[in-house]
Amino acid sequence: ISGAVDWVWNLSPILGGAIMGAFWQVFVIFGIHWGFVPIIVQNLSETGYSLIVGPLFAAVLAQSGAAAAVWLKTRNKELKEVAGPATISAFLAGITEPAIYGVTLRLKKPFVYACIGGAVGGAIIGAAGSAPVGFVLPGAITMTAAIDGPGNFTMFVIGVVVAIAVAFALTM
């Protein structure tokens, strides 16, 4: 896995960011995301940052954008009661399982739209070479971990905002 990730990242950070942004939530569904933790920890121990973590912010926060759109759009009271808190937990803390299993995957298209938003935002973040300088769960409250990291923090924020906006707009 590590060799494949390094190969893609060396080929194109934009492609690497797009792939991680698009498929991170799919990896979460199947538990495969835990296979990336040793790679991330190794990168952190060698360089003080891990470039593959930057695009994960786009992937996670895109789920919050899609869940927010469902929360605003749905008339189903039960779904609305799940979508609101799921949006908050995904946005603030990066805990996307309630958004995935309770909202977006259940409706199918919002999950796909969140993956598209994650890919676009992840590509921007990959192009910027931005990454946090610690082992953090991607979420709005941990974005500050990328301020002193490599790359361009402004582009990092733009990538996250674009990911949320694309997922939200497509879902709406």
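Rules used in this analysis
Residues numbered from 1 in each chain as written. Predicted model: local features only at pLDDT ≥ 70, side-chain atom pairs only at ≥ 80, totals over all residues. Heavy atoms only, no water. Helix = DSSP H or I, 4+ residues; strand = E, 2+ residues; numbered from the N terminus. Rg over C-alpha atoms; globule rule 2.2 N^0.38 Å. Buried < 20%, exposed > 50% of the residue type's maximum accessible area, 1.4 Å probe, protein only. Contact = heavy atoms within 4.5 Å. Areas by Shrake-Rupley, 256 points an atom, 1.4 Å probe, with all protein chains shown as cover. Lys, Arg positive; Asp, Glu negative; His and termini not counted. Charge placed at Lys NZ, Arg CZ, Asp CG, Glu CD. Patch = residues over 30% accessible without salt bridge, like charges linked within 9 Å, V, L, I, M, F, W, Y side chains within 5 Å. Salt bridge = Lys/Arg side-chain N within 4 Å of Asp/Glu carboxyl O. Axes fitted to C-alpha atoms, helices over the stretch in contact; angles between N-to-C directions. Left-handed = near helix turned anticlockwise from the far one by under 90°. Nonpolar A, V, L, I, M, F, W, Y, C, P; charged D, E, K, R; others polar. Core = buried A, V, L, I, M, F, W, Y, C linked by side-chain atoms within 4.5 Å.

To continue, consider the overall build of the chain. Along the chain, the regular secondary structure elements total eight helices and zero strands. Counted from the first residue to the last, the chain has its helices and strands arranged as α-α-α-α-α-α-α-α. The C-alpha radius of gyration of the chain comes to 15 Å, within 12% of the 16 Å expected for a compact globule of 172 residues. Across its three principal axes, the chain shows a C-alpha extent of roughly 50 × 30 × 25 Å. With 172 residues in all, the chain has 48% of them scored as buried. Here the analysis covers contacts within the chain between residues at least 6 apart in sequence; of these, 71% occur between residues at least 24 apart. Of the roughly 7900 Å² of accessible surface on the chain, 71% is carried by carbon and sulfur atoms. For the chain, the distance from the average position of its 7 positive side-chain charges to the average position of its 6 negative side-chain charges is 24 Å.

This paragraph deals with a nonpolar patch on the surface. There is a patch of nonpolar side chains on the surface, built from Trp 7, Leu 11, Leu 15, Ile 19 and Phe 23 and spanning about 500 Å² of accessible area. At the level of secondary structure, the elements contributing two or more residues to the nonpolar patch comprise helix H1 (2-11) and helix H2 (13-30). Counting residues per element, the nonpolar patch draws most heavily on H2, at three residues. Here Phe 23 is to be found in helix H2. Residue class for Phe 23 comes out partly exposed when judged on its relative accessible area of 42%.

For Thr 104, the location among the structural elements is in helix H6 (residues 97-107). Excluding residues that lie within four positions of it along the chain, Thr 104 makes contacts with Gln 63, Ala 66, Ala 67, Ala 99, Pro 110 and Phe 111.

The next point concerns the packing of helix H4 (residues 54-73) against helix H8 (residues 153-171). One can describe the packing of H4 onto H8 by two numbers: an axis separation of 7 Å at closest approach and a directional angle of 30 degrees. Taken as a pair, H4 and H8 cross one another with a handedness that is right-handed. Here the contact of H4 with H8 is composed, by residue class, of 15 nonpolar, five polar and one charged.

What follows is about the nonpolar core. In this structure, Met 20, Trp 24, Phe 36, Ile 52, Phe 156 and Val 160 are the most contacted members of the largest nonpolar core, which totals 31 residues. Elements represented by at least two residues in this core include exactly H1, H2, helix H3 (37-47), H4, helix H7 (109-128) and H8. Among the elements that take part in this core, H4 stands out by supplying eight residues, more than any other. Among all residues touching Phe 156, those that are not within four sequence positions of it are Gly 54, Phe 57, Ile 125, Ser 130, Met 143 and Ala 146.

The next subject is the pattern of salt bridges. According to the stated counting rule, one finds two salt bridges in the structure shown. One salt bridge connects Glu 81 with Lys 77, and the closest N-O pair in it is separated by 4.0 Å. Taken as a pair, Glu 81 and Lys 77 lie in helix H5 (residues 77-93) at a separation of four residues, close to a single helical turn. For Glu 81, a relative accessible area of 52% translates into the label exposed. Taking the relative accessible area as the measure of exposure, Lys 77 reaches 61% and is therefore exposed.

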